[in-house]
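Here are the chains, one letter per residue:
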Amino acid sequence: MTVRRVVPNIRSEAAQESREFYGLLGFEEVMNHGWIMTLASPSSPAAQISVMTSDKTAPVVPDMSVEVDDVDAAYALVRESGAEIVHPLQDEEWGVRRFFVRDPSGRVVNVLGHR
């Protein structure tokens, strides 16, 4: 399995202010669904931050997102390990297949792949 990128997810009710702040550091908006906005570095597009007010289809805002090349294989490995699945594997309307799992420190990780 290959990790394609890791993105910290920041919960914020001040999305516009967060966009402006991270803009000072060189980030630009590359996606905005209203409830989630992703900012990326133009010179290094895989360097990203997502700002979320909530998660549209999941019970919690994840602490980070890990994009992998085979989300189904990742799901099988995580289930076998006995880790807590916080949100089951499913296809989302915005083009990702994902699940949430709790890491040993209690952080919620959104594991996803683009369809």
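Residues numbered from 1 in each chain as written. Predicted model: local features only at pLDDT ≥ 70, side-chain atom pairs only at ≥ 80, totals over all residues. Heavy atoms only, no water.

(A) Here's a closer look at the side chain of Ser 41. If you trace the backbone, Ser 41 turns up in strand S3 (residues 36-41). Setting aside chain neighbours within four positions, we find Ser 41 in contact with Gly 26, Phe 27 and Ala 47. (Helix = DSSP H or I, 4+ residues; strand = E, 2+ residues; numbered from the N terminus. Contact = heavy atoms within 4.5 Å.)

(B) Summary view of helix H2 (residues 71-81). Within H2, burial applies to Val 71, Ala 74, Tyr 75 and Val 78. When H2 is viewed along its axis, its buried side chains cluster within an angular range of 100° and face the same direction. Close packing links the buried residues of H2 with strand S5 (64-68), strand S6 (85-91), strand S7 (96-102) and strand S8 (108-114). A side-chain oxygen of the first residue of H2 lies 3.3 Å from the backbone nitrogen of Asp 72; this N-cap is Asp 70. (Buried < 20%, exposed > 50% of the residue type's maximum accessible area, 1.4 Å probe, protein only. Arc of directions from axis to C-beta. Polar contact = N/O pair within 3.5 Å; in protein donor to acceptor, adjacent residues only side chain to side chain.)

(C) Looking closely at the packing of aromatic side chains. Scanning all chains against the criterion turns up 4 aromatic pairs. Both rings, one in Tyr 22 and one in Phe 27, keep their centres 6.2 Å apart while their planes meet at 90°; by these two values the pair is edge-to-face. With 4.9 Å between their ring centres and 70° between their planes, Tyr 75 and Phe 99 make a pair best called edge-to-face. Here Tyr 75 is found in helix H2, whereas its partner Phe 99 is found in strand S7, with 24 residues between them in sequence. Each of the two residues, Tyr 75 as well as Phe 99, counts as buried. An aromatic cluster is built from Phe 21, Tyr 22 and Phe 27, whose rings are joined through pairwise contacts. (Phe/Tyr/Trp six-rings, centres within 6.5 Å; stacked < 30°, edge-to-face > 60°.)

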